[in-house]
Amino acid sequence: TTFGTNGIVLISTTSNTSHQPGAGYADFRDAFTTLDITSQGKLLLAGSVAGDYWSVVRLLDDGALDSTFEGDGKKIFQVGPTPAGFQNEYAFGIRSLPAGGIVVAGQTDNYVGGGVGSTDAAVVRLQENGQFDSSFGNNGVATVGGEENNDFFNGFSIDETGRVYVAYNVHG
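Residues numbered from 1 in each chain as written. Predicted model: local features only at pLDDT ≥ 70, side-chain atom pairs only at ≥ 80, totals over all residues. Heavy atoms only, no water.

Here the focus is the overall build of the protein chain. Within the protein chain, the secondary structure is distributed over 0 helices and 10 strands. The helix and strand sequence of the protein chain, counted from the amino end, reads β-β-β-β-β-β-β-β-β-β. Out of the 172 residues in the protein chain, the part that is buried amounts to 41%. Relative to all contacts within the protein chain whose residues are 6 or more apart in sequence, the contacts with residues 24 or more apart total 45%. Summed over its atoms, the accessible surface of the protein chain is roughly 8500 Å², and 50% of this surface lies on carbon and sulfur atoms. (Helix = DSSP H or I, 4+ residues; strand = E, 2+ residues; numbered from the N terminus. Buried < 20%, exposed > 50% of the residue type's maximum accessible area, 1.4 Å probe, protein only. Contact = heavy atoms within 4.5 Å. Areas by Shrake-Rupley, 256 points an atom, 1.4 Å probe, with all protein chains shown as cover.)

Attention now goes to unusual backbone geometry. The backbone of Asn 6 sits at a positive phi, close to 55°, despite the residue not being glycine. For Asn 6, the location among the structural elements is in the segment before strand S1 (31-37). The class for Asn 6 is exposed, based on a relative accessible area of 74%. Of note, the phi angle at Glu 70 is positive, near 60°, even though the residue is not glycine. Considering the arrangement of structural elements, one finds Glu 70 in the loop between strand S3 (53-59) and strand S4 (74-77).

Turning our eyes to something else, we now look at the pairing of strand S5 (residues 90-96). Pairing of S5 with strand S6 (residues 102-109), which is carried by 6 bridges, proceeds in the antiparallel orientation. Counted as the bridge partner of Ser 96 is Ile 102 from S6. (Pairing = 2+ DSSP bridges.)

The element strand S7 (residues 119-126) is extensively covered by neighbouring structure, given that 7 of its 8 residues are classed as buried. As defined by bridge partners, S6 adjoins S7 across 8 bridges and the pair is classed as antiparallel. Along S7, the bridge assignment pairs Asp 109 with Thr 119. Bridge analysis of S7 against strand S8 (residues 141-144) gives 4 bridges, and the strand direction is antiparallel. Paired with Val 123 across the strands is Ala 142, a residue of S8.

Taken in spatial order, the 4 strands make up an open sheet running S5-S6-S7-S8, and their pairing is antiparallel. Whereas interior strands pair on both sides, the edge strands pair on one side only; in this sheet they are S5 and S8. Direction aside, the axes of adjacent strands within the sheet are offset by 20° on average. (Axes fitted to C-alpha atoms, helices over the stretch in contact; angles between N-to-C directions.)

Below is the structure:
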């Protein structure tokens, strides 16, 4: 099979503005930072859009966007409650699960107002179709950290039972 055009696939995460409130801008922080290959040969990519959103993209083995994932092959979302433009939203790890579904890990801002907030390590679990897995964490999202510490994501692993382990640094 052929992957993309001459082995290259270009993916825009900023053109589909229906996923992003106030979107339509490009930024040097638009980047994929991690990837995984599913047991079906699909390619999973994760990263950030403008540092304000996590991005997850699933490609078929030929490089085409997988329309069975979120309808267009892309999921762009915020994890933390901080308004766009003031975020630190980055996905740094992604893994497909043997029983289906996807785990994405990274960091998010947890701004609580009045100049108080923190950066927290976060894990998101998605269903095979790209929807948040409500059986995990708080509607598919789990964060590690507190209001006064900056907790930076370093890595994660998943055991054979599906339990997620996260490594992160705590800065007070």
